[in-house]
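Geometric and topological summary
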Amino acid sequence: MARIAYNNVDAAAFEANRHLTDDALAAWRAATIRHLGPHPGIRLLDLGSGTGTWARAFTDWLPDAEVVAVEPSAAMRARSVFEPVLAGDAEHIPLPTGSVDAAWISTVIHHVPDLTAAAHELRRVLRPDAPVLIRSAFAGRHEGITLFRYFPEAVQVLDTYPSIADVEAAFADAGFATVAVEQVPELTAASLRQAAAGLRREAHTLLQLIDDDAYAAGVTRLHQAAQLDSAPVIDALDLLVLR
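Residues numbered from 1 in each chain as written. Predicted model: local features only at pLDDT ≥ 70, side-chain atom pairs only at ≥ 80, totals over all residues. Heavy atoms only, no water.

**A closer look at the environment of Met76**
Mapped onto the fold, Met76 is located in helix H4 (residues 74-78). Residues Met76 and Leu158, 82 residues apart in the sequence, show an inter-C-alpha distance of 23 Å. (Helix = DSSP H or I, 4+ residues; strand = E, 2+ residues; numbered from the N terminus.)

**What to know about helix H8 (residues 164-172)**
For H8, the complete set of buried residues consists of Ile164, Val167, Ala170 and Phe171. The arc enclosing the buried residues of H8, seen along the axis, measures out at 130°, which places them on a common side. Against the buried residues of H8 lie helix H5 (115-125), strand S5 (132-136), strand S6 (178-189) and strand S7 (233-242). (Buried < 20%, exposed > 50% of the residue type's maximum accessible area, 1.4 Å probe, protein only. Arc of directions from axis to C-beta. Contact = heavy atoms within 4.5 Å.)

**Overview of the packing of helix H2 (residues 22-36) against helix H3 (residues 53-61)**
The axes of two packed helices give the description: the angle between them and the distance between them. Interhelical geometry of H2 versus H3 gives an angle of 70° and a closest axis separation of 11 Å. Classified by the angle their axes make, H2 and H3 are roughly perpendicular. In the crossing of H2 with H3, the sense of the turn from one axis to the other is right-handed. Contacts from Leu25, Trp28, Arg29, Thr32, Ile33 and Leu36 of H2 reach H3 at Trp54, Ala57, Phe58 and Trp61. (Axes fitted to C-alpha atoms, helices over the stretch in contact; angles between N-to-C directions. Parallel < 35°, antiparallel > 145°, perpendicular 65-115°, else oblique. Left-handed = near helix turned anticlockwise from the far one by under 90°.)

**Observations concerning the side chain of Ser73**
In this structure, Ser73 sits in the loop between strand S2 (66-71) and H4. Assessed through its relative accessible area of 8%, Ser73 is described here as buried. In terms of polar contacts, Ser73 uses its side chain to reach the backbone amide nitrogen of Met76, at 3.1 Å. (Polar contact = N/O pair within 3.5 Å; in protein donor to acceptor, adjacent residues only side chain to side chain.)

**What to know about the packing of aromatic side chains**
The description of an aromatic ring pair uses the distance of the two centres, along with the angle that the planes make with each other. Tallying each qualifying case throughout the model produces eight aromatic pairs. Where Trp54 meets Trp61, the ring centres are 6.4 Å apart and the plane angle is 75°; that geometry is what we call edge-to-face. Comparing Trp54 with Trp61 shows no difference in burial state: the two are buried. Taken together, a centroid distance of 5.6 Å and an interplanar angle of 20° make the contact between Phe151 and Tyr215 stacked. Of this pair, Phe151 sits in the loop between helix H6 (147-150) and helix H7 (154-158) while Tyr215 sits in helix H11 (residues 212-226), placing them 64 residues apart in sequence. Here Phe151 matches Tyr215 in class, with each residue buried. (Phe/Tyr/Trp six-rings, centres within 6.5 Å; stacked < 30°, edge-to-face > 60°.)

In structure tokens, the structure reads:
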């Protein structure tokens with residue numbers, strides 16, 4: 001099971017709070033296209049597609065691609081800006097064997113209960129030598145993410161997530177090897193004030209899993225800092241690429 005249910009409340013918060021701007025997507029476009037090596041007719045799996053932001057972005061970036069979105073949460077599928085979206089999860093991908101050229105997995109890997117089973121399922125649906133691109137915050141790698149400055153208790157939650165080494169070991173069992181690990185900077189908000197105004201606890205697994213007092217204290221710290229700091233909020237998430 002996922003760490004949170006992604007019911008209607010969670011999905012609505014995610015829809016309102018977790019869509020990246022075009023500026024934020026620009027760096028990811030360069031990184032993903034470099035590792036995908038796209039060709040006409042490429043078939044790309046967006047696994048755990050959520051509300052469809054990434055699937056829609058890939059169709060914009062790669063007009064000749066066929067993007068296949070798969071999402072386990074009915075509430076998220078109902079809010080998707082991309083259609084169609086298939087019901088499925090990392091251990092049960094509703095696609096034929098050897099039917100996709102690459103897989104994209106964004107901020108999902110910590111919700112997967114059995115990474116080894118998921119790796120084998122991805123190996124099944126991917127064509128030979130197809131890449132898996134995983135965008136995530138990994139255990140032990142919180143320094144580049146602004147959220148943790150104001151919600152330090154969330155670091156303990158992050159450290160229950162899979163580490164890069166955990167994911168590499170699970171995927172190695174299915175024959176994958178690491179091609180690259182890189183941090184990609186993204187514009188999260190134009191300012192801390194904007195970030196504070198738009199914060200929704202339900203949109204962040206990390207914030208749902210800290211206690212109420214820790215959350216309230218973090219909100220206070222964030223709003224206080226927002227009065228003094230007008231700089232844009234730039235975060236860096238990891239991109240792990242395996243083949």
